[in-house]
Amino acid sequence: QVHLVESGGGLVQAGGSLRLSCAASGGTFSLYGMGWFRQAPGQEREFVAAINWSGGSTYYADSVKGRFTISRDNVKNTVYLEMNSLKPEDTAVYYCAADRTLGFARLSVDAYDYWGQGTQVTVSS
C-alpha cells in the first residue's frame, strides 16, 4: 500500500508562489508515474501536471503551463509542484497521485491508483 502526504499549501496573494511537496511511502516510488490534480468547490477534480518515473517526461494543463513546474526526487521519494504567478483561479485543494501500473506521466484521474489527502491552496486577489 502506497501512502502519499501532501504539504506546502497555504494562503498567498495573486502573483505569489508556493511549492507543494508530496512524500511517498510504502511502495517503490521510483517506478511510479506521479501526478498533481486540483479540485475547487463544486467542480470536478482536474489534471494539473504529471511526471513519469524517471522525471524525463512531464505534462501540464494549459491553464498552468509556463507557471507551474513538476519535479521529483527518487532518493527522497518526493514529488514537487512549484507554482509561480499564482492567480485566484488556482484556488483549490491540490492532490498528488501515484500510478503504479506503467510509470508514465498520465493525465486522467482514472489512471492513478493512490491519492493523498490534499492540501489547500488559496490565492487572494
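Keep in mind the model is a prediction, meaning the values are calculated, not measured.

Caption draft 1: Here's a closer look at the pattern of salt bridges. Tallied over the full model, the rule gives six salt bridges. Residue Asp-90 is joined to Arg-67 by a salt bridge in which the shortest nitrogen-to-oxygen separation is 2.7 Å. Separated by 23 residues along the polypeptide, Asp-90 in the loop between strand E8 (78-83) and strand E9 (92-99) and Arg-67 in the loop between strand E6 (58-60) and strand E7 (68-73) bring together distant segments of the chain. Each of Arg-38, Glu-46, Arg-67 and Asp-90 takes part in one network of salt bridges that share partners.

Caption draft 2: Focus on the sheet that holds E8. Taken in spatial order, the four strands line up as E1-E3-E8-E7 in an open sheet, and their pairing is antiparallel. Looking at the sheet topology across the chains shown, the edges are occupied by strand E1 (3-7) and E7. Across the sheet, the mean angle separating the axes of adjacent strands is 15° when strand polarity is ignored. The sheet contact formed by strand E3 (residues 18-25) and E8 spans six bridges and is antiparallel. Directly across from Leu-20, in E8, lies its bridge partner Leu-81.

Caption draft 3: A look at the side chain of Arg-72. By the secondary structure assignment, Arg-72 is in strand E7. The side chain of Arg-72 is buried and forms no salt bridge, while Asp-73, the nearest opposite charge, is found at 8.2 Å. Among the polar contacts made by the side chain of Arg-72, one reaches the main-chain carbonyl oxygen of Phe-29 at a distance of 2.8 Å. A polar contact is formed between the side chain of Arg-72 and the side chain of Asn-74, at a distance of 2.8 Å.

Caption draft 4: Quick look at the nonpolar core. Grouped together as the largest cluster of nonpolar side chains are 38 residues, with contacts concentrated most on Leu-4, Met-34, Trp-36, Leu-81, Met-83 and Tyr-94. Those residues in contact with Leu-4 that lie beyond four places of it in its chain are Cys-22, Ala-23, Ala-24, Met-34, Cys-96, Ala-97, Ala-98, Tyr-114, Trp-115, Gly-116 and Gln-117.

Caption draft 5: Representation of the packing of aromatic side chains in the model. This structure, assessed with the given rule, holds four aromatic pairs. Considering the side-chain rings of Phe-37 and Tyr-112, the 5.3 Å spacing of their centres and the 75° angle between planes classify their relative orientation as edge-to-face. With Phe-37 in strand E4 (residues 33-39) and Tyr-112 in the loop between E9 and strand E10 (114-115), this pair connects stretches of sequence that are 75 residues apart. Look at Phe-37 and you get buried, because its relative accessible area is 0%. With a centroid separation of 6.2 Å and an interplanar angle of 65°, the aromatic rings of Tyr-112 and Trp-115 are classed as edge-to-face. Judged by relative accessible area, Tyr-112 falls into the buried class, the value being 6%. Given the relative accessible area of 26%, Trp-115 is considered partly exposed. A network of ring pairs unites the aromatic residues Phe-37, Phe-47, Tyr-112 and Trp-115 as a single cluster. Above the face of the Tyr-95 ring, Arg-45 is positioned so that its terminal group lies 3.7 Å from the ring centre. Above the plane of the ring of Phe-29 lies Arg-72, whose end atom (NZ or CZ) is 4.4 Å from the centre.

Conventions adopted
- Residues numbered from 1 in each chain as written.
- Predicted model: local features only at pLDDT ≥ 70, side-chain atom pairs only at ≥ 80, totals over all residues.
- Heavy atoms only, no water.
- Salt bridge = Lys/Arg side-chain N within 4 Å of Asp/Glu carboxyl O.
- Helix = DSSP H or I, 4+ residues; strand = E, 2+ residues; numbered from the N terminus.
- Pairing = 2+ DSSP bridges.
- Axes fitted to C-alpha atoms, helices over the stretch in contact; angles between N-to-C directions.
- Buried < 20%, exposed > 50% of the residue type's maximum accessible area, 1.4 Å probe, protein only.
- Lys, Arg positive; Asp, Glu negative; His and termini not counted.
- Polar contact = N/O pair within 3.5 Å; in protein donor to acceptor, adjacent residues only side chain to side chain.
- Core = buried A, V, L, I, M, F, W, Y, C linked by side-chain atoms within 4.5 Å.
- Contact = heavy atoms within 4.5 Å.
- Phe/Tyr/Trp six-rings, centres within 6.5 Å; stacked < 30°, edge-to-face > 60°.
- Lys NZ or Arg CZ within 6 Å of the ring centre and 35° of its normal.

Limitation: the analysis is restricted to geometry and does not speak to function.
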